[in-house]
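# Structure at a glance
This is what each chain is made of:
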Amino acid sequence: MNISYKSTRSDKTITASQAILKGISDEGGLFVPTAFPQIDLENLVHKSYKEICYSILSKYLPEFSENHLKDIIGKAYDKFSVPKVAPVVSFGNRHILELFHGPTLAFKDVALSILPYLIQVSAKLQNVEDKIVILTATSGDTGKAALEGFANVENTKIIVFYPSEGVSSIQKRQMTSQVGNNVYVLGIEGNFDDAQNGVKSIFSNKEFKEKLKSEKIILSSANSINIGRLLPQVVYYFSSYMELVQKGAIALNDSVNFTVPTGNFGDILAGYYAKKMGLPIHKLLCASNSNNVLYDFFKTGTYNKNREFIKTISPSMDILISSNFERMLYHASNNDQELIVNLMEELNTKGSYTIPEEMKSGISELFYGSYSDEESTKKVIGQVYEEYNYVLDPHTAVAYKVCEDYVKNTSDERTNIILSTASPFKFPEAVYESIFKNSDLEVYELIDKLAQKTSLTIPEPIKKLKDSAILHKKVISSDEMKEAVGEILL
Ligand SMILES: *Cc1c(COP(=O)(O)O)cnc(C)c1O
């Protein structure tokens, strides 16, 4: 079976390399695979992370040669600080899938360590010699992971937009200190949704894109709207399942639940793809923070972004428009692209839409939505530390709380795997306060003290940050984004 890709909003099919290069389709739709390859589970049990990664990516990327793919998988995951790449830590009856051992300490590294190579090979396959410019909106973690992945990559430039007041102090420092001869980092006055909308509107501006094209520049995206970002994320659903099989925590073919701290719906969508490929997943628990649009959706079938945007201690999930939701709706509607066009038009004009009843029941069979407010999230960080000596970051804590509630409120006794998406050292203020109460120490002293008290080692990338020079200071308004891109490129 040879997989190709199509937009959620039109008929045209294209190849994997074309989809990866384009990022988003011309009419604003997202690319999805036309089929889901089936995976033989037994085959994976004793494979390493890299081998599982190869098994999965090779099925989705038929144009990529075995050598190419193995080479880039090796290069991408050698950058992780643990050989397992994404280890599972178990305590009590909980299993935490640690996705934060990459260069920037968030799960975004899993995909963004490999995406630059996927884009480079795609360009070769398509005989593209133009300069590739990556435009990225970030709620905090994508930006740094993408900068790290693309810095000094030949024939590329990367421009990152982050909400200037909407990320953690460490996330901001990580981005504004980025070195590289091809990197641009701009703060915007606004929130993540403003940044993401700005990027999307640049992508759908035909005239601007043609002007760039005449200068031999093409735009692509490092956001999870790019299918090349999503596919590498499918891998850890399989690898964590296999790790539990190896440990004897589950038997092969037992069904499990995954809880995913969710913002743009990319990470959990990868779990949905894993399920479609044959991984025995019973429920995907979609965990939101106080920006609980998705919780409301799963309850009512209505997606409504018309509400206050709340800044939380889990900033990477402060999102009201979850882009990848469009992909899930597309699959769940049996590929009804007309329905998707209409729903997205309603979202654009009214800020809300309601899905048909029969579609809703299908979705609730697999997804369970819940959320954790600020107080509960802090409480969970404190409790888990006290009980298990394990330090959760605020995003993971949101998921932990949702999983606890699910177990309490249902009779489901299946094994639960909780995705841990960031190192607690990225959010030292919130974590420290949750465990040890308030402190007025400055952030790097706080990090030292957190490490001391919890006996954790400060990750190398955090240590380096303290003495880094701030190289990117510019902040613009969100309606100046296109001009800013023009200034950099033209
Ligand atoms: C991006 C991010 C999330 C949300 O992931 P989505 O794919 O956007 O749903 C959760 N936690 C952390 C730490 C993140 O960086």
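All of these numbers come straight from a predicted model, not from anything done at the bench.

### Focus: the pairing of strand β11 (residues 281–288)
- In terms of burial, β11 is a largely internal element, seven of the eight residues being buried.
- Where strand β10 (residues 256–261) lies against β11, five bridges are found, and the strand directions are parallel. Paired with Val 260 across the two strands is Cys 286, which belongs to β11.
- Remark: the β10/helix α12 (residues 266–276)/β11 crossover connection has right-handed handedness.

### Observations concerning the side chain of Asn 264
- Note on placement: Asn 264 falls in the loop between β10 and α12.
- Among the polar contacts listed, one links the side chain of Asn 264 to the backbone nitrogen of Ser 323, at a separation of 2.7 Å.
- Non-local contacts of Asn 264, meaning those with residues more than four positions away in its chain, are made with Phe 192, Gln 196, Ser 224, Ile 319, Ile 321, Ser 322, Ser 323, Asn 324 and Phe 325.

### Examining the nonpolar core
- Counting 112 residues, the largest nonpolar core has Phe 238 and Leu 329 as the members making the most contacts within it.
- Looking at this core element by element, the count peaks at 12 residues for helix α11 (residues 227–247).
- If near-sequence neighbours (up to four positions away) are discounted, Phe 238 is found in contact with Ile 39, Leu 41, Leu 44, Ile 52, Ile 56, Ala 274, Met 277 and Leu 279.
- Core analysis: the second largest hydrophobic core is formed by 38 residues, Ile 381, Ile 418, Val 431 and Leu 450 among them.

### With respect to the site of the ligand
- Of all residues adjacent to the ligand, which total 15 residues, the nearest are Lys 108, Asp 141, Gly 263, Asn 264 and Thr 421.
- Taking Lys 108, its side chain carries an N or O atom lying 2.6 Å from an oxygen atom of the ligand.
- Between the ligand and Thr 421, the relevant distance is 2.8 Å, taken from a nitrogen atom to a side-chain nitrogen or oxygen of the residue.
- Surface burial for the ligand is 98%, taken as the share of its 380 Å² of free accessible area covered by protein chains.

### Some details on the pattern of salt bridges
- In this structure the tally under the stated criterion is 20 salt bridges.
- We note a salt bridge from Asp 78 to Lys 50, for which the minimum N-O separation is 2.6 Å. Pair noted here: Asp 78 is in the loop between α4 (66–77) and β4 (88–91) and Lys 50 is in helix α3 (residues 49–60), with a separation of 28 residues, a long-range link.
- Look at Lys 50 and you get partly exposed, because its relative accessible area is 31%.
- Between Lys 474 and Glu 487 there is a salt bridge whose closest N-O contact spans 3.8 Å. Here the residue Lys 474 occupies a position in the loop between α21 (460–465) and β16 (475–477), and Glu 487 occupies one in helix α22 (residues 481–489), the gap between them amounting to 13 residues.
- Here Lys 474 falls in the partly exposed class, since its relative accessible area comes to 45%.
- One continuous salt-bridge network, built from bridges that share partners, spans Lys 22, Asp 26 and Lys 209.

Thresholds, definitions, all that
Residues numbered from 1 in each chain as written. Predicted model: local features only at pLDDT ≥ 70, side-chain atom pairs only at ≥ 80, totals over all residues. Heavy atoms only, no water. Buried < 20%, exposed > 50% of the residue type's maximum accessible area, 1.4 Å probe, protein only. Helix = DSSP H or I, 4+ residues; strand = E, 2+ residues; numbered from the N terminus. Pairing = 2+ DSSP bridges. Right-handed = clockwise from strand over helix to strand, strands pointing away. Polar contact = N/O pair within 3.5 Å; in protein donor to acceptor, adjacent residues only side chain to side chain. Contact = heavy atoms within 4.5 Å. Core = buried A, V, L, I, M, F, W, Y, C linked by side-chain atoms within 4.5 Å. Near = heavy atom within 4 Å. Areas by Shrake-Rupley, 256 points an atom, 1.4 Å probe, with all protein chains shown as cover. Salt bridge = Lys/Arg side-chain N within 4 Å of Asp/Glu carboxyl O.

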